Amino acid sequence: MNKDFWKTLYAWLETASLEEIRAKKRCVQQLLGESSDRDLKADIRRILRFMDAEMVARAELANVMRLSLAH
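Residues numbered from 1 in each chain as written. Predicted model: local features only at pLDDT ≥ 70, side-chain atom pairs only at ≥ 80, totals over all residues. Heavy atoms only, no water.

## As for the overall build of the chain
In step 1: When you go through the chain residue by residue, the secondary structure sums to 3 helices and 0 strands.
In step 2: Its helices and strands taken in sequence order, the chain reads α-α-α from the N to the C terminus.
In step 3: Dimensions of the chain, computed from C-alpha atoms along their principal axes, come out at roughly 50 × 25 × 15 Å.
In step 4: Out of the 71 residues in the chain, the part that is buried amounts to 20%.
In step 5: Counted over contacts in the chain with a minimum sequence separation of 6, partners at least 24 positions apart contribute 65%.
In step 6: As displayed, the chain offers around 5500 Å² of accessible surface, 57% of which is attributable to carbon and sulfur atoms. (Helix = DSSP H or I, 4+ residues; strand = E, 2+ residues; numbered from the N terminus. Buried < 20%, exposed > 50% of the residue type's maximum accessible area, 1.4 Å probe, protein only. Contact = heavy atoms within 4.5 Å. Areas by Shrake-Rupley, 256 points an atom, 1.4 Å probe, with all protein chains shown as cover.)

In C-alpha cells form, the structure reads like this:
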C-alpha cells in the first residue's frame, strides 16, 4: 500500500465516527481472514492497529473530559 493510501486512512480516521470505524473494522477483519498474501495481511493488521488506537484514544479523551467536568 502506497503513501497516499496511508495518508487517506489517517485523514479518514480523524473524521470518521466511532460507528463508521467499527463498521469498517469489521470489513477489514473479514479481508484478513480471506487473504493468503503475507504482505497484504501485514498491511491489514497495521490498519486494524490504527483503528484500535484511534478508538482507544477517543475513549481515553472521553474519560478525561468526563472527569474534568465532574470536578
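## Focus on the environment of Lys 25
In step 1: Inspection of the secondary structure assignment puts Lys 25 in helix α2 (residues 18-34).
In step 2: C-alpha separation for the pair Lys 25 and Met 51, spaced 26 residues apart in sequence, amounts to 7.1 Å.
In step 3: The residues contacting Lys 25, other than those within four sequence positions of it, are Leu 48, Met 51, Asp 52 and Met 55.

## Considering the nonpolar core
In step 1: If you look at the biggest cluster of nonpolar residues, it comprises 11 residues: Trp 6, Leu 9, Leu 13, Ala 16, Ile 21, Val 28, Ile 44, Ile 47, Leu 48, Met 51 and Met 55.
In step 2: Elements represented by at least two residues in this core include exactly α1 (3-15), α2 and α3 (38-70).
In step 3: Top contributing element to this core by residue count: α3, with 5 residues. (Core = buried A, V, L, I, M, F, W, Y, C linked by side-chain atoms within 4.5 Å.)

## Quick word on the packing of aromatic side chains
In step 1: All chains considered together, the criterion is met by 3 aromatic pairs.
In step 2: An angle of 80° between the planes, with centres 5.2 Å apart, marks the rings of Tyr 10 and Phe 50 as edge-to-face. Here the residue Tyr 10 occupies a position in helix α1, and Phe 50 occupies one in helix α3, the gap between them amounting to 40 residues.
In step 3: Residue Tyr 10 is classed as partly exposed on the basis of its relative accessible area of 32%.
In step 4: By way of ring pairs, the aromatic residues Phe 5, Trp 6, Tyr 10 and Phe 50 are connected into one cluster.
In step 5: Geometry around Trp 6 places Arg 46 over its ring, the cationic atom sitting 4.1 Å from the centre. (Phe/Tyr/Trp six-rings, centres within 6.5 Å; stacked < 30°, edge-to-face > 60°. Lys NZ or Arg CZ within 6 Å of the ring centre and 35° of its normal.)

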